[in-house]
Amino acid sequence: NLDDPVVGGYTPDKIAFRRALVLAHDRDQEVAIVRRGQALPAQSPIPPGIIGFDPTFHAIEQEYNPARAKALLDMSGYVDRDGDGWREAPDGSPFSFDHASIPTLRERQRNELWKKSMDAIGLRVTFNKVEKLPELRKQAQLGRVQSFSYGWIADFPDGENFLQLLWKGSIGQVNYAMFDHPEYNALYERIKRMPDGPARNALIDRMVRIIAVYSPWMVETYKAPVVDEDGHLLG
């Protein structure tokens, strides 16, 4: 939630904090444990097979690198001042953030992985439970959660369908991150009116890089199709 005073904001320290969260999360463990091997680690918010996907895109901001996450936090003032093993906020006050979820086995496993990842870099994370997914979505639309995990299935096979989720015009609807970046908004307005092609893809690439830098999202996994031994699609 980019409007939240704890995890949001566009200042260098808040951007570094969110980038540290991304760097501390082990996607391979999420694929193995949470997704039971039926997913692929994600780099871009636009998945394979969708217009605008760039198979060569590789963001260092998305790599699993706890050491770099710690260094970012250190440089941004999130340090352990009292020696209890937990980092304080840059102003010296106690620090923690919340990851909201619903009470399912998969979300419990995801929360366990989140806690392990955050413990490793000295950040306290709590887990507020919301009984039903529609209620969690509603709270996110109203800006009442700090963070949560959510998936998206494209309505049509174009990168615009994913990039709309961080457009200013989607705040209060599907822009759960409350992301409002002037350049990103302007680029989205342009790609909506452009035909598919290299010029449009170049603007999409720029938008994807803005997402990687400001980290309103951590893109976790792409759900993998299930096939039988003969290669037939099962689901």
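Per chain, residues are indexed from 1 in the order of the written sequence. Two thresholds apply to this predicted model, a pLDDT of at least 70 for residue-level local features and 80 or more for giving and counting side-chain atom pairs, whereas whole-chain, interface and lining totals are computed over all residues. The basis for every side-chain value is the complete set of non-hydrogen atoms in the structure, without hydrogens or water.

1. With respect to the overall build of the chain
So the rule is basically this: Labels follow the DSSP assignment, with helices taken as runs of H or I lasting at least four residues and strands as runs of E lasting at least two, numbered in each case from the N terminus. Only C-alpha atoms enter the radius of gyration, while the globule expectation follows 2.2 Å times N to the 0.38, with N the number of residues. Under the scheme applied here, a residue whose accessible area is under 20% of the maximum for its type counts as buried, over 50% as exposed, and between as partly exposed, the area being computed with a 1.4 Å probe on protein chains only. Note on contacts: a residue pair qualifies if any of its non-hydrogen atoms lie within 4.5 Å across the two residues.
For the chain, the count of helices and strands is eight helices and four strands. Reading the chain from its N end, one meets helices and strands in the order α-α-β-α-β-α-β-α-α-α-α-β. Computed over its C-alpha atoms, the radius of gyration of the chain comes to 18 Å, within 12% of the 18 Å expected for a compact globule of 235 residues. With the principal axes as the frame, the chain shows a C-alpha extent of 55 × 45 × 35 Å. By the burial criterion, 48% of the 235 residues in the chain qualify as buried. Considering only residue pairs separated by 6 or more positions, the chain has 65% of its internal contacts joining residues 24 or more positions apart.

2. What to know about the packing of aromatic side chains
Selection rule: For this analysis, a ring pair means two rings from Phe, Tyr or Trp (six-membered ring only for Trp) whose centres lie within 6.5 Å, classed as stacked if their planes differ by under 30 degrees, edge-to-face if by over 60, and tilted for the remaining angles.
Inspection of every chain in the model, using the stated rule, returns 13 aromatic pairs. Measuring from ring centre to ring centre gives 5.3 Å for Tyr78 and Phe95, while their planes differ by 70 degrees; the resulting arrangement is edge-to-face. Of the two residues, Tyr78 is situated in the loop between helix 3 (66–75) and strand 2 (96–98) and Phe95 in the loop between helix 3 and strand 2; the sequence distance between them amounts to 17 residues. Here the two residues Tyr78 and Phe95 agree in accessibility, since each one is buried. Aromatic rings pair up to connect Phe17, Tyr78, Phe95, Phe97 and Trp114 into one cluster.

3. Concerning helix 1 (residues 12–24)
So the rule is basically this: A helix is expected to span 1.5 Å for every residue after the first.
The terminal C-alpha atoms of helix 1 lie 18 Å apart, and with 13 residues this matches the ideal 18 Å at 1.5 Å per residue to within 8%. Judged by how many residues are buried, helix 1 sits mostly within the fold: 11 of 13 residues are covered. What helix 1 keeps buried is the set Lys14, Ile15, Ala16, Phe17, Arg18, Arg19, Ala20, Leu21, Val22, Leu23 and Ala24. Where helix 1 is buried, its residues touch helix 2 (27–34), helix 3, strand 2, helix 4 (105–120) and helix 8 (198–214).

4. Regarding the nonpolar core
Condition: Definition used in this section: a nonpolar core is a set of buried Ala, Val, Leu, Ile, Met, Phe, Trp, Tyr and Cys residues joined via side-chain atoms within 4.5 Å.
Membership of the largest hydrophobic core comes to 22 residues, with the highest contact counts inside it found for Leu163, Phe179, Tyr184, Ile191 and Met207. Put simply, the parts of the chain that give this core at least two residues each are helix 6 (160–163), helix 7 (182–193) and helix 8. The element contributing the most residues to this core is helix 8, with seven residues. Non-local contacts of Met207, meaning those with residues more than four positions away in its chain, are made with Leu163, Tyr184, Leu187, Tyr188 and Ile191. Counting 21 residues, the second largest nonpolar core, distinct from the first, contains Ala24, Met118, Ile121 and Leu123.

5. A closer look at the packing of helix 7 against helix 8
Heads up, the condition is: Here an axis means a line fitted to C-alpha atoms, over the contact stretch when the element is a helix, while the angle between two N-to-C directions is reported on a 0 to 180 degree scale. To sort the angles, those under 35 degrees are grouped as roughly parallel, those over 145 as roughly antiparallel, those from 65 to 115 as roughly perpendicular, and the leftovers as oblique. By definition, turning the near helix anticlockwise from the far helix through less than a right angle yields a left-handed crossing, and turning it clockwise yields a right-handed one. The classification used treats Ala, Val, Leu, Ile, Met, Phe, Trp, Tyr, Cys and Pro as nonpolar, Asp, Glu, Lys and Arg as charged, and all other residues, Gly among them, as polar.
Where helix 7 contacts helix 8, the axes come no closer than 10 Å and their chain directions differ by 150 degrees. Comparing the axis directions of helix 7 and helix 8 gives the class roughly antiparallel. Note that helix 7 runs across helix 8; the crossing there is left-handed. Here helix 7 contributes Glu183, Tyr184, Leu187, Tyr188, Arg190 and Ile191 to the contact with helix 8, which in turn contributes Arg200, Leu203, Ile204, Arg206, Met207, Ile210 and Ile211. The residue makeup of the contact of helix 7 with helix 8, split by class, is nine nonpolar, no polar and four charged.

6. Some thoughts on the pattern of salt bridges
What counts, and what does not: When a carboxyl oxygen of Asp or Glu lies within 4 Å of a side-chain nitrogen of Lys or Arg, that pair is called a salt bridge.
Evaluated as defined, the whole model comprises 11 salt bridges. Asp74 is the partner of Arg87 in a salt bridge, and the nearest nitrogen-oxygen pair spans 2.6 Å. Within this pair, whereas Arg87 is found in the loop between helix 3 and strand 2, its partner Asp74 is found in helix 3, the two being separated by 13 residues in sequence. By relative accessible area, Arg87 is classed as buried at 10%.

7. A few points about the side chain of Ser147
Applicable threshold: For the purposes of these results, a polar contact is taken to be a pair of N or O atoms within 3.5 Å, where, inside protein, one atom must be able to donate a hydrogen and its partner to accept one; residues adjacent in sequence count only when each atom of the pair is a side-chain atom.
Counting through the fold element by element, Ser147 comes out in the loop between helix 5 (133–141) and helix 6. A distance of 2.9 Å separates the side chain of Ser147 from the backbone oxygen of Asp98, its partner in a polar contact. Once residues lying within four places of it in the same chain are set aside, the contact partners of Ser147 are Phe97, Asp98, His99 and Ala100.

8. Let's talk about the environment of Glu135
Position of Glu135 relative to the elements: it lies in helix 5. Taking the C-alpha atoms as reference, Glu135 lies 9.4 Å from Ile102; in sequence the two are 33 residues apart.

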